[in-house]
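Listed here are the chains, written in short residue letters.
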Amino acid sequence: KQWYQRRVRGDREALVEKDVLRTDRVSDFYSGEENPNVTEMYEMLMTYCQYNFDLGYVQGMSDLMSPLHCLFKDKQLAFWSFVGYMEKMELHFTMDQKRIQEKLSELSSLVYYCDSELYN
């Protein structure tokens, strides 16, 4: 079991690092080499992976953490706000992405209904 958890953690570290390095880098808050805010976002997302080990990390979570981190500029407040948000949104972030696919399908139908030219 420990071997499995170490392997999962390694896989998650790679995913988080890849996403964090691409998230909002044009923003002053995250721009530049060795920016401590980038490190903080990485640490918060890795902490969340341990906090909610069953869910872990799913691509796009960094895009949700980023505005909270920018807004609060406080690692603890941003983290716990993210936890609260994810408690409400967790069903949208499953590995099979079924729920998010449903939402994209609904959006597609809405675009078709409202602007069929754009849809096509």
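### A few points about the packing of helix α3 (residues 61-72) against helix α4 (residues 75-89)
Working step 1: As a packed pair, α3 and α4 sit with axes 9 Å apart at the nearest point and diverge in direction by 135 degrees. As the angle between them shows, α3 and α4 are arranged oblique. Crossing geometry of α3 relative to α4 is assigned as right-handed. Where α3 abuts α4, its residues M61, L64, M65, L68, H69 and F72 lie against L77, A78, F79, S81, F82, Y85 and M86.
Working step 2: Among the residues making up the contact of α3 with α4, the classes are represented as 11 nonpolar, two polar and no charged.

### Side note on α3
Working step 1: Taking 1.5 Å per residue as the helical rise, α3 with its 12 residues ought to reach 16 Å, and the 17 Å between its terminal C-alpha atoms agrees with that figure.
Working step 2: Listed as buried for α3 are M61, S62, M65, S66, L68, H69 and C70.
Working step 3: Positive backbone phi, at 50 degrees, marks K73, one or two positions downstream of α3.

### Focus on the nonpolar core
Working step 1: Ranked by size, the top nonpolar core spans 24 residues in total, and within it L45, Y48, M61 and F82 carry the most contacts.
Working step 2: Among the elements of the structure, α1 (2-22), α2 (36-51), α3 and α4 are those that each provide at least two residues to this core.
Working step 3: Among the elements that take part in this core, α2 stands out by supplying seven residues, more than any other.
Working step 4: Not counting residues within four places of it along the chain, the set of residues in contact with Y48 comprises L55, G56, M61, F79, F82, V83 and M86.

### A few points about the state of the cysteines
Working step 1: Enumeration over the complete set of coordinates arrives at zero disulfides.
Working step 2: Here C70 is not disulfide-linked; the sulfur of C49 is the nearest cysteine sulfur, at 20 Å.
Working step 3: Under the relative-accessibility criterion, C70 is labelled buried at 19%.

### What about unusual backbone geometry?
Across residues other than glycine, the phi torsion is negative in most instances, and most of the peptide bonds are trans.
Working step 1: Phi is positive for E34, which is not a glycine, with a value near 55 degrees.
Working step 2: A residue is classified by how much of its surface remains accessible, and E34, at 79% relative accessible area, is exposed.
Working step 3: Phi at K73 takes a positive value of approximately 50 degrees, unusual for a residue other than glycine.
Working step 4: Positionally, K73 belongs in the loop between α3 and α4.

Conventions used here
- Residues numbered from 1 in each chain as written.
- Predicted model: local features only at pLDDT ≥ 70, side-chain atom pairs only at ≥ 80, totals over all residues.
- Heavy atoms only, no water.
- Axes fitted to C-alpha atoms, helices over the stretch in contact; angles between N-to-C directions.
- Helix = DSSP H or I, 4+ residues; strand = E, 2+ residues; numbered from the N terminus.
- Parallel < 35°, antiparallel > 145°, perpendicular 65-115°, else oblique.
- Left-handed = near helix turned anticlockwise from the far one by under 90°.
- Contact = heavy atoms within 4.5 Å.
- Nonpolar A, V, L, I, M, F, W, Y, C, P; charged D, E, K, R; others polar.
- Expected span 1.5 Å × (residues − 1).
- Buried < 20%, exposed > 50% of the residue type's maximum accessible area, 1.4 Å probe, protein only.
- Core = buried A, V, L, I, M, F, W, Y, C linked by side-chain atoms within 4.5 Å.
- Disulfide = S-S within 2.5 Å.

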